[in-house]
Amino acid sequence: MAVRGGGVIGLSVALAAARAGFSASVSDLGSPHAGSRVAGGMLAPLTEAWPGEEAVVAQGVEALAMWPGFASSIGVPLFTAGTLAVGTQPGDLADLRPAGQLLTSREVRALEPSLGPAVRGGVFASGDLAVDNRLLLSALREACLDAGVVSDVEGRVSVIAAGAWSGGLHPALEGVIRPVKGEILRLTHRPGALPPPRHTIRALVSGRPVYLVPRDDGLVVGATQYEAGFDTDVSVAGVRDLLRDAETVLPGIAEYALTEAAVGFRAGSPDNVPVVRWLEPGVIAATGHHRNGLLLAPHTARLVVQLLQGGSS
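Residues numbered from 1 in each chain as written. Predicted model: local features only at pLDDT ≥ 70, side-chain atom pairs only at ≥ 80, totals over all residues. Heavy atoms only, no water.

- In the nomenclature of an unreviewed UniProt entry, the protein corresponds to Glycine oxidase from the organism Lentzea jiangxiensis.

Shown next as structure tokens:
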């Protein structure tokens, strides 16, 4: 079985297949703009849910339950402090209600004292997880090597898991899988600045979404979303908007260093539901995960193995 795509989905599929007894190989397109490399690492199916994506939420809840075992099996640590979803306007709080019990501004500050005065309340999802996406990629590559997965340079394809580039790899995916551009920032903590938050922070700032995911040395801040094809430029407006909203939520980040601004491409599908199915005899698609590629990785890998074993997705 040859997997085209060396991101989190492709590597997870190859690893699961190898562990299930299949001979597996991976070929990587090698783009620095792959979604797996430019990601926040949130594993948060409920607080990250968008209206109309009930099918994806259900898959995400299943996947979240798989993550502790999956992470342990490849030796990657998880952030387990949970997600604090907050809002700055009454309308923002109304949009957060489906995610859980609303907390007052005083209650959210008891959880995260560094929140700014504009924050009016929020929801705490204690079961949400997060992972460092780049550590995850390294751990998956190492686990694949240990499981006997090899690099494939012959161009054979039996599983298409190339993210936003999948649409160009099979006629059945052309016009179905599209790139969705996103800009993301990395901020590094400097001496004298407030420490990063303990929790992942998801915020609505006057209706605009922004997230802040702690790392050992700072924060990942994201993410914009554009229908702009494979445009690799980081826009001034994107950086400005992300920093403005992030600083509204956590004013202390003004003392951090901006050390990276990058563009990544999510793999969009018409309904934002992943495409995991046979395209033709011998070729499986595992793509179209949009914002949920990291979260759904173990779930998708399990589905692909079931397909290889003769089941249905």
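Digging into the overall build of the protein
Move 1: A count of helices and strands for the protein gives seven helices and 16 strands.
Move 2: Relative to the 2.2 N^0.38 estimate, which gives 20 Å for 313 residues, the radius of gyration of the protein is 19 Å and therefore close to what a compact globule would have.
Move 3: Over its C-alpha atoms, taken along the principal directions, the protein stretches across nearly 55 × 35 × 35 Å.
Move 4: With 313 residues in all, the protein has 52% of them scored as buried.
Move 5: For the protein, restricting intrachain contacts to residue pairs at least 6 apart in sequence, the fraction spanning at least 24 positions comes to 76%.
Move 6: For the protein, the distance from the average site of its 24 positive side-chain charges to the average site of its 29 negative ones is 3 Å. (Helix = DSSP H or I, 4+ residues; strand = E, 2+ residues; numbered from the N terminus. Rg over C-alpha atoms; globule rule 2.2 N^0.38 Å. Buried < 20%, exposed > 50% of the residue type's maximum accessible area, 1.4 Å probe, protein only. Contact = heavy atoms within 4.5 Å. Lys, Arg positive; Asp, Glu negative; His and termini not counted. Charge placed at Lys NZ, Arg CZ, Asp CG, Glu CD.)

A few points about the domain arrangement of the protein
By a widely used convention, the size of an interface equals the accessible area lost when the partners come together.
Move 1: As far as domains go, the protein holds domain 1 (1–77 + 133–176 + 269–312) and domain 2 (83–125 + 178–268).
Move 2: When each unit is reduced to the centre of its C-alpha atoms, the spacing between domain 1 and domain 2 is 26 Å.
Move 3: Facing 28 residues of domain 1, the contacting portion of domain 2 comprises 26 residues.
Move 4: Between domain 1 and domain 2 the total buried area reaches about 2100 Å² when both faces are included, carbon and sulfur atoms providing 58% of it.
Move 5: Applying the counting rule to domain 1 against domain 2 returns one salt bridge.
Move 6: Applying the counting rule to domain 1 against domain 2 returns ten residue pairs in polar contact (both at pLDDT 80 or more). (Domains from an automatic or database assignment. Buried area = accessible area lost by both parts, 1.4 Å probe. Salt bridge = Lys/Arg side-chain N within 4 Å of Asp/Glu carboxyl O. Polar contact = N/O pair within 3.5 Å; in protein donor to acceptor, adjacent residues only side chain to side chain.)

Some words on the nonpolar core
Move 1: Ranked by size, the top nonpolar core spans 43 residues in total, and within it Trp67, Ile74 and Leu136 carry the most contacts.
Move 2: Sorting the residues of this core by element identifies α1 (8–19), α2 (54–74), α5 (133–146), β16 (283–287) and α7 (293–308) as the ones contributing at least two each.
Move 3: If you look at the next biggest cluster of nonpolar residues, it comprises 22 residues, including Leu84, Val86, Val249 and Leu250. (Core = buried A, V, L, I, M, F, W, Y, C linked by side-chain atoms within 4.5 Å.)

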